[in-house]
Amino acid sequence: GESVGLHLPTLSVQEGDNSIINCAYSNSASDYFIWYKQESGKGPQFIIDIRSNMDKRQGQRVTVLLNKTVKHLSLQIAATQPGDSAVYFCAENPNSGYALNFGKGTSLLVTP
Amino acid sequence: EAGVAQSPRYKIIEKRQSVAFWCNPISGHATLYWYQQILGQGPKLLIQFQNNGVVDDSQLPKDRFSAERLKGVDSTLKIQPAKLEDSAVYLCASSLVEGGGTEAFFGQGTRLTVV
């Protein structure tokens, strides 16, 4: 079946550098996407979302880019901090009215 | 605003026993979800409620899992009998409007270990 997946399972970056986490999706009907951050022992926490009528959205230190042509989503974190260390999931809404479908996640490790 | 509340936080049971999890969503949220998250994987939807009606339970193993949301607020998820492969974190989430196209807020989850 169609699914959301991630290119890299782990990513290690130095504190202060920018991080880019990628996600590929295969359902062209998906119209809404979210990035979640999950710290150990906690539930996923919303970071930023984007709808399919947009190709870029910015938040505080984070930017999400959506390329519908190649079905690719990315999360950019500026000036990565130790507190950014977590697992990041992209999630898509393949059918309006139904629940989010999650990818497998990328573990981000920020080193001093 | 209070978040999604779940209990218990941890549970250890033997295989073939039964277990129940409880969730209290954010006040006013019409949609409630139960997800199963196996270690190292992303959350997988088990069931979605809209008020007290089921929207999607296509991935719920109905021979052993059941869920209800009486009165359209709190929800319980039950497993009977449990299997070793049910060991996972069970996450409850809620969203304000009808599911899809909107952010879901997650609880901290219940970590189930089946031995």
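Parameters and conventions
- Residues numbered from 1 in each chain as written.
- Chains lettered and ligands numbered in written order.
- Predicted model: local features only at pLDDT ≥ 70, side-chain atom pairs only at ≥ 80, totals over all residues.
- Heavy atoms only, no water.
- Disulfide = S-S within 2.5 Å.
- Helix = DSSP H or I, 4+ residues; strand = E, 2+ residues; numbered from the N terminus.
- Buried < 20%, exposed > 50% of the residue type's maximum accessible area, 1.4 Å probe, protein only.
- Phe/Tyr/Trp six-rings, centres within 6.5 Å; stacked < 30°, edge-to-face > 60°.
- Contact = heavy atoms within 4.5 Å.
- Buried area = accessible area lost by both parts, 1.4 Å probe.
- Polar contact = N/O pair within 3.5 Å; in protein donor to acceptor, adjacent residues only side chain to side chain.
- Nonpolar A, V, L, I, M, F, W, Y, C, P; charged D, E, K, R; others polar.
- 1 Å grid on protein atoms, 1.4 Å probe; cavity = no way out; pocket = protein on both sides within 12 Å on 5 of 7 lines; lining within 4 Å.
- Points joined across faces, edges and corners; volume = space filled by probe spheres on them.
- Pairing = 2+ DSSP bridges.
- Axes fitted to C-alpha atoms, helices over the stretch in contact; angles between N-to-C directions.

## A word on the state of the cysteines
Structurally, a disulfide amounts to a covalent bond that connects the sulfur atoms of two cysteines.
Thought 1: For the structure shown, the criterion picks out two disulfides over all chains.
Thought 2: There is a disulfide in this structure between Cys 23 of chain A and Cys 90 of chain A, and the S-S distance comes to 1.8 Å. Of note, the bridge from Cys 23 of chain A to Cys 90 of chain A carries an S-S torsion of about 55 degrees and is right-handed in sense. Here Cys 90 of chain A lies in strand β9 (residues 86-92) and Cys 23 of chain A lies in strand β3 (residues 19-25), a separation of 67 residues in the sequence.
Thought 3: Using a relative accessible area of 1% as the deciding quantity, one classes Cys 23 of chain A as buried.
Thought 4: The disulfide that involves Cys 23 of chain B links it to Cys 92 of chain B, with 1.9 Å between the sulfurs. Handedness here is read from the sign of the S-S torsion; for Cys 23 of chain B and Cys 92 of chain B, about -70 degrees, the answer is left-handed. One end of the pair, Cys 23 of chain B, is in strand β3 (residues 19-24); the other, Cys 92 of chain B, is in strand β9 (residues 88-95), and 69 residues separate them in sequence.
Thought 5: On the accessibility criterion, Cys 23 of chain B (0% relative accessible area) is buried.

## Observations concerning the packing of aromatic side chains
Residue and element names in this part refer to chain A.
Thought 1: If you walk through the whole model with that rule in mind, you get 10 aromatic pairs over all chains.
Thought 2: For the pair Tyr 25 and Phe 33, a centre-to-centre distance of 4.7 Å together with 50 degrees between the ring planes defines the contact as tilted.
Thought 3: Classification of Tyr 25 as buried rests on a relative accessible area of 7%.
Thought 4: Exposure remark for Phe 33: the relative accessible area of 2% places this residue in the buried category.

## Notes on the environment of Ala 104 of chain B
Thought 1: The topology assignment puts Ala 104 of chain B in the loop between β9 and β10 (105-106).
Thought 2: Those residues in contact with Ala 104 of chain B, other than ones at most four positions away along the chain, are Tyr 36 and Leu 100 of chain A together with Tyr 33, Ala 93, Ser 94 and Ser 95 of chain B.

## Things to note about the interface of chain A and chain B
Thought 1: Counting residues at the interface gives 20 residues for chain A, matched by 23 residues for chain B.
Thought 2: Interface area lost by chain A to chain B is led by Gly 97, Tyr 98 and Phe 102 of chain A, which between them contribute 28%.
Thought 3: On the surface where chain A and chain B come into contact, there are six residue pairs in polar contact (both at pLDDT 80 or more).
Thought 4: At the level of elements, β4 (32-38) and β5 (45-51) of chain A are the ones that each hand at least two residues to the side of chain A that touches chain B.
Thought 5: With four residues, the single largest contributor to the side of chain A that touches chain B is β4 of chain A.
Thought 6: The residue inventory of the side of chain A that touches chain B, partitioned by class, reads 10 nonpolar, seven polar and three charged.

## A closer look at the layout of surface pockets
Thought 1: Counted as a void, the second largest pocket has a volume near 470 Å³.
Thought 2: If you go around the second largest pocket, you meet 26 residues; those closest to its centre are Gln 38 and Gly 41 of chain A together with Gln 37, Leu 39 and Arg 111 of chain B.
Thought 3: Secondary structure elements with two or more residues in the lining of the second largest pocket: β9 and β11 (106-111) of chain A together with β11 (110-114) of chain B.
Thought 4: With three residues, β9 of chain A is the largest single contributor of residues to the lining of the second largest pocket.
Thought 5: Considered class by class, the residues forming the lining of the second largest pocket number eight nonpolar, 13 polar and five charged.

## What about the sheet that holds strand β8 (residues 75-79) of chain B?
Residue and element names in this part refer to chain B.
Thought 1: As summarised here, the arrangement of the four strands in space is β1-β3-β8-β7, forming an open sheet in which the pairing is antiparallel. Bordering the open sheet on either side are β1 (5-7) and β7 (65-68), each of which pairs with just one other strand. Here the average twist between neighbouring strands, direction ignored, is 15 degrees.
Thought 2: Bridging between β1 and β3 involves three bridges; their strand directions are antiparallel.

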